[in-house]
Amino acid sequence: MDKIVRNQIKLEFISIPENVGLARITIAALASQLDLTLNDLEEIKVATSEAVSNAIIHGYRNKPAGIVKLIGSLYEDSIVIEVIDEGVGIADIPQAMQPAFTTDPERMGLGFVFMQSFMDEVKVESEINNGTRVILTKKLEGAGIQKAVS
Amino acid sequence: MSFIFNSKNRTLLVKITGELDLVTAKEFRERLDKAIDEMFTKNLFLDLTRVSFIDSSGLGVILGRYRKIQEKRGIMIIYGMNTNIKRILELSGILSIIPAFNSENEAWTYLERKSLKEA
Ligand SMILES: Nc1ncnc2c1ncn2[C@@H]1O[C@H](COP(=O)(O)OP(=O)(O)OP(=O)(O)O)[C@@H](O)[C@H]1O
Ligand SMILES: [Mg+2]
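From a predicted model like this one, the values you see are computed outputs, not experimental measurements. (Residues numbered from 1 in each chain as written. Chains lettered and ligands numbered in written order. Predicted model: local features only at pLDDT ≥ 70, side-chain atom pairs only at ≥ 80, totals over all residues. Heavy atoms only, no water.)

Trainee: Explain the site of ligand 1 to me, using residue names and the numbers behind them.
Mentor: Ligand 1 sits among 21 residues. The nearest are His-58, Thr-102, Thr-103, Arg-107 and Leu-110 of chain A. More than a single chain frames ligand 1: its nearby residues are located in chains A and B. The contact in question runs from an oxygen atom of ligand 1 to an N or O atom on the backbone of Met-108 of chain A, over 3.5 Å. Take Ser-56 of chain B: an N or O atom from its side chain is 3.0 Å from an oxygen atom of ligand 1. In isolation ligand 1 has 600 Å² of accessible area, and contact with the protein removes 96% of it. Those elements that provide at least two residues to the shell around ligand 1 are α2 (38–59) and α4 (111–118) of chain A. With 5 residues, α2 of chain A is the largest single contributor of residues to the shell around ligand 1. The residue inventory of the shell around ligand 1, partitioned by class, reads 8 nonpolar, 10 polar and 3 charged. (Near = heavy atom within 4 Å. Polar contact = N/O pair within 3.5 Å; in protein donor to acceptor, adjacent residues only side chain to side chain. Areas by Shrake-Rupley, 256 points an atom, 1.4 Å probe, with all protein chains shown as cover. Helix = DSSP H or I, 4+ residues; strand = E, 2+ residues; numbered from the N terminus. Nonpolar A, V, L, I, M, F, W, Y, C, P; charged D, E, K, R; others polar.)

Have a look at this one:
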């Protein structure tokens with residue numbers, strides 16, 4: 001049985017750093033319709049920031065001409081955030097997700113560490129030269145949705 | 001994001017206000033590096049009291065400056081993190097590398113003790 005979507009937003013933006021904050025705030029505003037703790041909200045913001053930053057830095061190699069797609073969905077018992085780019089793609093996904101793995105010597109390879117620590121599920125789909133889709137899920141304890149539908 | 005720079009006895013004190021992410025990381029790195037060079041900095045204190053958000057882009061800059069100060073045989077200290085920022089720093093492993101305190105006073109005490117040991 002498919003889950004019922006209680007609320008959903010879709011946003012497309014060009015791949016410039018300024019839009020990382022925009023994505024973060026948009027998702028936080030959506031998430032705050034759920035009965036989340038401030039801690040949860042902070043974690044969702046960091047995870048979103050990491051996925052969107054990766055799309056811009058790695059997916060589109062810091063070029064501003066790419067389009068990043070952001071989908072935020074609220075379900076009865078969870079929030080799901082999808083970050084999609086049509087950039088270079090990831091050759092070896094398990095390797096990319098390992099702590100401290102990076103292809104950029106200036107970086108630390110922490111993005112996926114934060115996504116995995118702060119979200120209950122991190123799914124990555126990617127194809128070389130076709131792009132990457134990161135799906136982040138956070139589950140709620142108790143009847144989280146009440147605020148959204150009241 | 002904004003910065004306040006202060007220098008005392010070759011210790012550069014930087015008070016950061018705002019969010020440290022992909023947008024601000026570049027400016028943060030450039031302004032810090034410039035100040036480190038211009039003020040003949042040996043030691044670096046980063047006051048994070050007014051940092052409201054940080055992610056891996058901001059952490060990358062902090063760790064990069066730590067390496068730079070290490071090369072100069074100086075001491076870098078961070079302080080004033082709120083609970084959210086502290087948790088992210090902890091997860092990143094940075095807290096086991098860079099000395100972290102609650103206040104500037106504690107940072108000075110640590111620096112003095114360290115300097116005495118070396119003298
Ligand atoms: N959207 C993407 N498109 C292409 N490659 C990606 C994408 N996201 C991640 N990667 C690859 O996965 C690696 C690991 O990503 P992760 O976010 O964990 O670390 P990082 O971005 O390199 O460093 P940090 O997040 O600490 O700044 C990246 O170095 C990059 O090679
Ligand atoms: Mg990253």
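Trainee: Before we move on, can you summarise the interface of chain A and chain B with the specific residues and values?
Mentor: Opposite the 23 residues of chain A that make contact, chain B presents 20 residues. In total, chain A and chain B occlude about 1,700 Å² of area from one another, counting both sides; carbon and sulfur atoms represent 62% of this. Looking only at chain A, the three residues that lose the most surface to chain B are Arg-24, Met-108 and Phe-114 of chain A, adding up to 28% of its buried area. Counting across the interface, chain A meets chain B through 3 salt bridges. As a salt-bridge pair, Glu-43 of chain A and Arg-87 of chain B come within 2.7 Å of each other at their nearest N and O atoms. (Contact = heavy atoms within 4.5 Å. Buried area = accessible area lost by both parts, 1.4 Å probe. Salt bridge = Lys/Arg side-chain N within 4 Å of Asp/Glu carboxyl O.)

Trainee: An account of the pairing of strand β5 (residues 131–139) of chain A is requested, with residue identities and associated values reported.
Mentor: Residues and elements named next belong to chain A. Across the 9 residues that make up β5, a large majority, 7, are buried. Pairing analysis gives 8 bridges linking strand β3 (residues 78–85) to β5, with the strands arranged antiparallel. When the sheet's bridge partners are listed, Val-83 is paired in β5 with Val-134. One ladder, built from 7 bridges, connects strand β4 (residues 121–127) with β5; its direction is antiparallel. Bridge pairing in β5 places Glu-121 opposite Thr-137. (Buried < 20%, exposed > 50% of the residue type's maximum accessible area, 1.4 Å probe, protein only. Pairing = 2+ DSSP bridges.)

Trainee: Which residues make up the confidence of the model for chain B, and what values go with them?
Mentor: On average, residues of chain B score 95 in pLDDT, and 100% of them reach the 70 mark or higher. Two numbers describe this predicted complex: its pTM, 0.94, and its ipTM, 0.92. (pLDDT = per-residue confidence, 0-100.)

Trainee: Give me the lowdown on the packing of aromatic side chains, citing residues and values where you can.
Mentor: The relation between two aromatic rings is expressed through the spacing of the ring centres and the mutual angle of the planes. All names here are of chain B. For the structure on display, the rule yields 6 aromatic pairs over all chains. Ring centres of Phe-3 and Phe-5 lie 5.8 Å apart, and the angle between their planes is 25°; on these two criteria the pair is classed as stacked. Between Phe-45 and Tyr-79, the aromatic rings sit 6.1 Å apart at their centres with planes inclined by 90°, giving edge-to-face as the arrangement. Of this pair, Phe-45 sits in strand β3 (residues 43–54) while Tyr-79 sits in strand β4 (residues 76–79), placing them 34 residues apart in sequence. For the pair formed by Phe-45 and Tyr-79, the shared burial category is buried. (Phe/Tyr/Trp six-rings, centres within 6.5 Å; stacked < 30°, edge-to-face > 60°.)

Trainee: Explain the sheet that holds strand β5 (residues 100–101) of chain B to me, and be specific about the residues and the numbers.
Mentor: Residue and element names in this part refer to chain B. On the basis of which strands lie adjacent, the open sheet formed by 5 strands has the order β1-β2-β3-β4-β5 and mixed pairing. Across the chains shown, the open sheet's two edge strands, defined by having one partner strand only, are β1 (2–8) and β5. Summarising the sheet, β3 and β4 pair through 4 bridges and their orientation is parallel. Note that in β4 the partner of Leu-44 across the bridge is Met-76. Against the sheet, helix α1 (residues 22–38) makes contact with β1, β2 (11–20) and β3, and its axis sits at roughly 170° relative to β2, the strand it touches most. Running over the sheet, helix α4 (residues 104–118) touches β1, β2, β3, β4 and β5 and is turned about 155° from β4. (Axes fitted to C-alpha atoms, helices over the stretch in contact; angles between N-to-C directions.)

Trainee: Which residues make up α4 of chain B, and what are the values?
Mentor: Residue and element names in this part refer to chain B. For α4, built from 15 residues, the straight-helix expectation of 21 Å at 1.5 Å per residue is met to within 8% by its first-to-last C-alpha distance of 21 Å. For α4, every residue scored as buried is listed here: Ala-107, Trp-108, Tyr-110 and Leu-111. Buried residues of α4 fall within an arc of 160° about the axis and therefore sit on the same side. Projecting away from the buried face of α4 at angles above 90 degrees are the exposed residues Asn-105, Glu-112, Arg-113, Leu-116 and Lys-117. Lining the buried residues of α4 we find β1, β2, β3, β4 and β5. (Expected span 1.5 Å × (residues − 1). Arc of directions from axis to C-beta.)

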